[in-house]
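For reference, the chains in residue letters:
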Amino acid sequence: MDINSVISLVRSNIRRLTPYSTARDEYKGKLGVFLDANENPFSNGYNRYPDPRQLSLKSLLAEIKGIASDKIFIGNGSDEAIDLCIRIFCEPRIDNIVTIRPTYGMYSVSAAINDVEVREVPLGRDFSLSADAMMAACDNNTKLMFICSPNNPTGNSMPVEQLRWLLEYFNGVVVVDEAYVDFSSQPSMLTLLDEYSNLIVLHTMSKAYGLAALRLGLAFAHPSIIELFSNVKYPYNINLAGMERAAELLERNVADEIALIKEERSRVKQQLSQMECVEKVYPSDANFLLVKVADAKAMYDALIQEQIIVRDRSHVPGCEGCLRITIGTPQENDRLLEIMKQKQ
Ligand code: PMP
């Protein structure tokens, strides 16, 4: 799909939108006195509005991710990017999105908030994706597909070949949510960005980068799509304190933490697999394990008794009997394993 065809899918009110513009957007020359934005003039570090285009943080992220700044949107978590995808492309009560089941809950919550129909395509028994079934769920009003890879809560990555096939044949935008890609053995879809104008890749600073509290999520796409994101977002969606802390903390090398989390994932998986109460530990490309236990409710309660909280997914269709367990520090994982061993 060429970019013009992708833009033709955008809601007409969004295509026509004149975005909010600040006085500092309108004048780019040198300035020393700021009497344009009704701020308090007395300096405390935060009395001025932050850069609505986030140019400085974008150039840092461009370097880290190896993607040009004009292909990057920074959101208040990737949850903002998910919502913007729907608001930009889907006409309420007319258009629909197609996603997988089970998957991350915010695609359908955002769709519901925007009054957009969600069509869920169940994954196979081994949580495999059926590209044919995804296509079969579409009609002329399907604007977006949301595919989470590695998928939350199942932990598996979706094969690149299938994603490519959907990018080729689906007459809409494929959003690949790669929140957990840094823990995966499969490479990111970012390298395909130049090949497919209908690809949006989502990343987040909340997982491998360890910055969940700062609320920084990223969307990568063709510059014309990024421009639409910028037009629709709140002008100052990212605050200065968050941008400054992120710039400092992104200097850290998280490779060692990621390597340790992956090592721990193998160790916890191996130990859980030997427990009698554990029926199955699903393969994981993420920083969590989906674990089928004999009695999920009882195990959840036993862990809570010991002040350990995991995610009970046992009522999610396709995840019956399953807990989703995040990989913690080695000590935290030892504690989890000890309690689960006692409970079996
Ligand atoms: N995508 C997936 C698959 C997630 O699991 C999460 C958070 N649990 C998010 C997106 C949202 O992340 P954030 O808003 O913190 O960037």
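In this report, the structure presented in the accompanying data block is examined. (Residues numbered from 1 in each chain as written. Predicted model: local features only at pLDDT ≥ 70, side-chain atom pairs only at ≥ 80, totals over all residues. Heavy atoms only, no water.)

### Re the side chain of Lys-65
Note the threshold: Numbering of helices and strands runs from the N terminus; a helix is a DSSP stretch of H or I covering at least four residues, while a strand is a stretch of E covering at least two. Any residue under 20% of the maximum accessible area for its type is buried, any over 50% is exposed, and the rest in between are partly exposed; the area is computed with a 1.4 Å probe on protein chains only. All tallies of charge rest on Lys and Arg as positive and Asp and Glu as negative; His and the ends of each chain are not included. For this document, the term salt bridge refers to a Lys or Arg side-chain nitrogen within 4 Å of an Asp or Glu carboxyl oxygen. In protein, a polar contact means a hydrogen-donor-capable atom and an acceptor-capable atom, both N or O and within 3.5 Å, with residues adjacent in sequence counting only if both atoms are side-chain atoms; elsewhere, any N or O pair within 3.5 Å suffices. Residue contacts follow a heavy-atom distance rule, with two residues in contact if any of their heavy atoms lie within 4.5 Å.
Within the secondary structure, Lys-65 is located in helix α4 (residues 55-65). Despite its burial, Lys-65 pairs with no opposite charge, the nearest such side chain being Asp-182 at 4.7 Å. Separated by 3.0 Å, the side chains of Lys-65 and His-203 make a polar contact. Residues in contact with Lys-65, not counting those within four places in the same chain, are Leu-190, His-203, Met-205, Tyr-209, Leu-218 and Phe-220.

### Observations regarding helix α11 (residues 255-273)
The condition that has to hold: Helices are assigned an expected span. That span is 1.5 Å times one less than the residue count. By construction, the arc corresponds to the directions joining the helix axis to the C-beta atoms.
For α11, with 19 residues, the first-to-last C-alpha span of 27 Å sits near the 27 Å given by 1.5 Å per residue. Of the residues making up α11, those classed as buried are Ile-258, Glu-264, Arg-265, Val-268 and Leu-272. Mapping the buried residues of α11 onto a view down its axis gives an arc of 120 degrees, with all of them on the same face. Exposed and facing more than 90 degrees away from the buried side of α11 are Asp-256 and Glu-263.

### Digging into the site of the ligand
Test applied: For this description, a residue counts as near a given molecule or strand if any of its non-hydrogen atoms is within 4 Å of it. Per-residue and other accessible areas were derived by the Shrake-Rupley procedure at a 1.4 Å probe size, with only the shown protein chains allowed to occlude residues. The classification used treats Ala, Val, Leu, Ile, Met, Phe, Trp, Tyr, Cys and Pro as nonpolar, Asp, Glu, Lys and Arg as charged, and all other residues, Gly among them, as polar.
With respect to spatial proximity, 13 residues lie near the ligand, and among them Ser-78, Asp-177, Tyr-180, Thr-204 and Ser-206 are the closest. Ser-206 is positioned with one of its side-chain polar atoms (N or O) 2.6 Å from an oxygen atom of the ligand. If the ligand stood free it would expose 400 Å²; the protein chains cover 91% of that surface. Here the shell around the ligand is composed, by residue class, of four nonpolar, five polar and four charged.

### Some words on the nonpolar core
Quick note on the threshold: Here, the term nonpolar core denotes a set of buried Ala, Val, Leu, Ile, Met, Phe, Trp, Tyr and Cys residues that are joined through side-chain atoms within 4.5 Å.
Within the largest apolar cluster, 55 residues are counted, with the highest numbers of intra-cluster contacts made by Met-134 and Leu-199. Setting aside residues no more than four positions away along its own chain, Leu-199 makes contact with Leu-167, Val-174, Val-176, Met-189, Leu-192, Leu-193, Phe-220 and Ala-221. By size, the runner-up hydrophobic cluster in this structure holds 32 residues, among which are Ile-3, Ile-14, Ile-200 and Ala-221.

### Re the sheet that holds strand β10 (residues 311-312)
In a beta sheet, neighbouring strands pair by backbone hydrogen bonds and run either parallel or antiparallel. Keep this limit in mind: By this definition, two strands are paired if DSSP reports at least two bridges between them.
Spatial strand order, β8-β9-β11-β10: four strands in an open sheet with antiparallel pairing. Each edge of the open sheet carries a strand with a single partner, namely β8 (278-281) and β10. One ladder, built from two bridges, connects β10 with strand β11 (residues 322-326); its direction is antiparallel. Each residue of the ladder has a partner; that of Arg-311, found in β11, is Arg-324.

### Some thoughts on the pattern of salt bridges
Following the criterion strictly, the structure yields 19 salt bridges and no others. One salt bridge connects Asp-95 with Lys-143, and the closest N-O pair in it is separated by 2.9 Å. With Asp-95 in the loop between α5 (78-89) and β2 (96-101) and Lys-143 in strand β4 (residues 142-148), this pair connects stretches of sequence that are 48 residues apart. Classification of Asp-95 by relative accessible area gives buried; the value is 5%.

### Regarding the packing of α5 against helix α9 (residues 223-232)
Just so we agree on the cut-off: Between the N-to-C directions of two axes lies an angle of 0 to 180 degrees, each axis being a line fitted to C-alpha atoms and, for a helix, fitted only over the stretch in contact. Working definition: roughly parallel below 35 degrees, roughly antiparallel above 145 degrees, roughly perpendicular at 65 to 115 degrees, and oblique for all remaining angles.
One can describe the packing of α5 onto α9 by two numbers: an axis separation of 10 Å at closest approach and a directional angle of 100 degrees. In terms of their interaxial angle, α5 and α9 are classed as roughly perpendicular. Across the interface between the two elements, Ala-81, Leu-84, Cys-85, Arg-87 and Ile-88 from α5 touch Leu-228, Phe-229 and Val-232 from α9. A breakdown of the residues in the contact of α5 with α9 according to their chemical character gives seven nonpolar, no polar and one charged.

### A few points about α4
Of all the positions in α4, only Leu-57, Lys-58, Leu-61, Ala-62 and Lys-65 are classed as buried. Viewed end-on, α4 has its buried residues packed into an arc of 145 degrees, placing them on one side of the element. Residues of α4 that are exposed and point more than 90 degrees away from the buried face comprise Ser-56 and Glu-63. The secondary structure elements touched by the buried residues of α4 are β1 (72-75), β6 (199-204), β7 (217-220) and α10 (240-249). After α4 finishes, the residue Gly-66 shows a positive phi value of roughly 70 degrees.

### Some words on unusual backbone geometry
For residues other than glycine, phi is negative in most cases, and the peptide bonds are mostly trans. The residue after Ser-149, namely Pro-150, is reached through a cis peptide bond having omega -5 degrees. By secondary structure assignment, the location of Pro-150 is in the loop between β4 and α8 (160-169). Following Asn-152, the chain continues to Pro-153 via a peptide bond in cis, the omega torsion being 15 degrees. Position of Pro-153 relative to the elements: it lies in the loop between β4 and α8. One non-glycine residue with positive phi stands out, namely Gln-54, at about 50 degrees.

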